[in-house]
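Residue-level structure breakdown
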Amino acid sequence: MSGARAMIETAESYLGYREGAANRNRFSTEMGRPAESWCADFVSAVARESGNAGIFPNTASCSVARDWFDHRGRLSVYPAIGAQVLFGAPGNPYGPGGEHTGVCIAYDADTLTVVAGNTNDTGSPQGDGVYRRVYQRRSSYVDSYGYPDYPEGLVCADPAWRGRSGVTYFGQEASIDDLPTAGVVGLPEQSRRPVVIDGRAYGPGASGAHLAAMREMLTAAGCARYAEGPGPAWVQADTDSFRAYQLQIGDTGPDADGIPGPRQLHHLERDYGGRRYTVQPGDTLAAIAAEFGTTVQRLTEANHLADPDRIEAGQILRIVK
């Protein structure tokens, strides 16, 4: 599963994520970099998880990301759906577009809507998590947009790109609903390729013990379509079972092709997955999350905790990643 829709859905699946102490975050860790300002790491990690790694720069630097698109002739001052937005008012110390970055998910004549990491809801480029923000489209803070070479083409507002092959021009307003569906996920040539989510492969060609865990969750969800026990490799029954789950949660069309997307897999894990852990005296949710390689937010949501700072010895928690 790849393309602009997968990029946006993966980015939005992390809304509400909050970093740990000293900028610790899952995205820098995933990309093998230290926990520093991580807005560019967020975009790189989301691109990787959504199957778009080859069409985005792998960097922790906003200015390097800007140069990456510029050198490929894919930098514009007009928004596009799924584009990497580069922020930085003229004269900022980080260079053009070097201050902050995120993923453009919608725009109209006056504003653009962005999902970004290492930000907040107060207006500062620095922050504590992943948020959805609305910016003035013509603000001097908005420097440029990197245009990924999405397999389904591009929806953009750049008049110079009008008429190019694979380009849909919407100068005033566009959103994820305007993305083309032909030629993207769900077609046979796309469905033959596995996708990587949280470092594990899913789909035709994938194999591993993690597929057994997925099958158990699909069975618990009432979506199993297995006539006999499958082996370690992905089989057609996995596709049929996951498609049943996608339909169960309300996804249709190319979003119900039987190949997991990050949002869908995390939804399945949240509701039907995870091992159990009995809270010990002195435990904190942060320490438990670190021990099992997950986040406080995921544990809080999975266990419906009203206050993540209040857990009690003997309490049983469901561990999800």
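Residues numbered from 1 in each chain as written. Predicted model: local features only at pLDDT ≥ 70, side-chain atom pairs only at ≥ 80, totals over all residues. Heavy atoms only, no water.

Remarks on helix α7 (residues 236–248)
Along its 13 residues, α7 runs 18 Å from first to last C-alpha, staying within 8% of the 18 Å computed at 1.5 Å per residue. Ala-237, Asp-238, Thr-239, Ser-241, Phe-242, Ala-244, Tyr-245 and Gln-246 are the residues of α7 that are buried. For α7, the secondary structure elements touched by its buried residues are α6 (209–220) and α8 (262–272). Two residues or fewer after α7 comes Gly-250, characterised by a positive phi angle close to 100°. (Helix = DSSP H or I, 4+ residues; strand = E, 2+ residues; numbered from the N terminus. Expected span 1.5 Å × (residues − 1). Buried < 20%, exposed > 50% of the residue type's maximum accessible area, 1.4 Å probe, protein only. Contact = heavy atoms within 4.5 Å.)

Remarks on the pairing of strand β3 (residues 100–107)
Judged by how many residues are buried, β3 sits mostly within the fold: eight of eight residues are covered. With four bridges connecting them, strand β2 (residues 84–87) and β3 associate as antiparallel partners. Within the sheet, the bridge partner assigned to Val-85 lies in β3 and is Gly-102. Bridge count for β3 against strand β4 (residues 111–119) is four bridges, and the pairing is antiparallel. Residue pairing in the sheet places Ala-106 in a bridge with Thr-113 of β4. Of the pairings in the sheet, the one linking β3 to strand β9 (residues 174–175) comprises two bridges and is antiparallel in character. Looking at the pairing, Ala-106 lines up with Ser-175 of β9. (Pairing = 2+ DSSP bridges.)

Examining the side chain of Thr-10
Its place among the elements puts Thr-10 in helix α1 (residues 4–12). In contact with Thr-10, not counting residues within four places along its chain, are Val-46, Glu-49, Ser-50 and Pro-262.

A word on the environment of Ala-233
Position of Ala-233 among the secondary structure elements: in the loop between α6 and α7. Of the residues examined, Ala-233 reaches a relative accessible area of 36% and is grouped as partly exposed. Between the alpha carbons of Ala-233 and Thr-101 there is a distance of 38 Å; along the sequence they are 132 residues apart.

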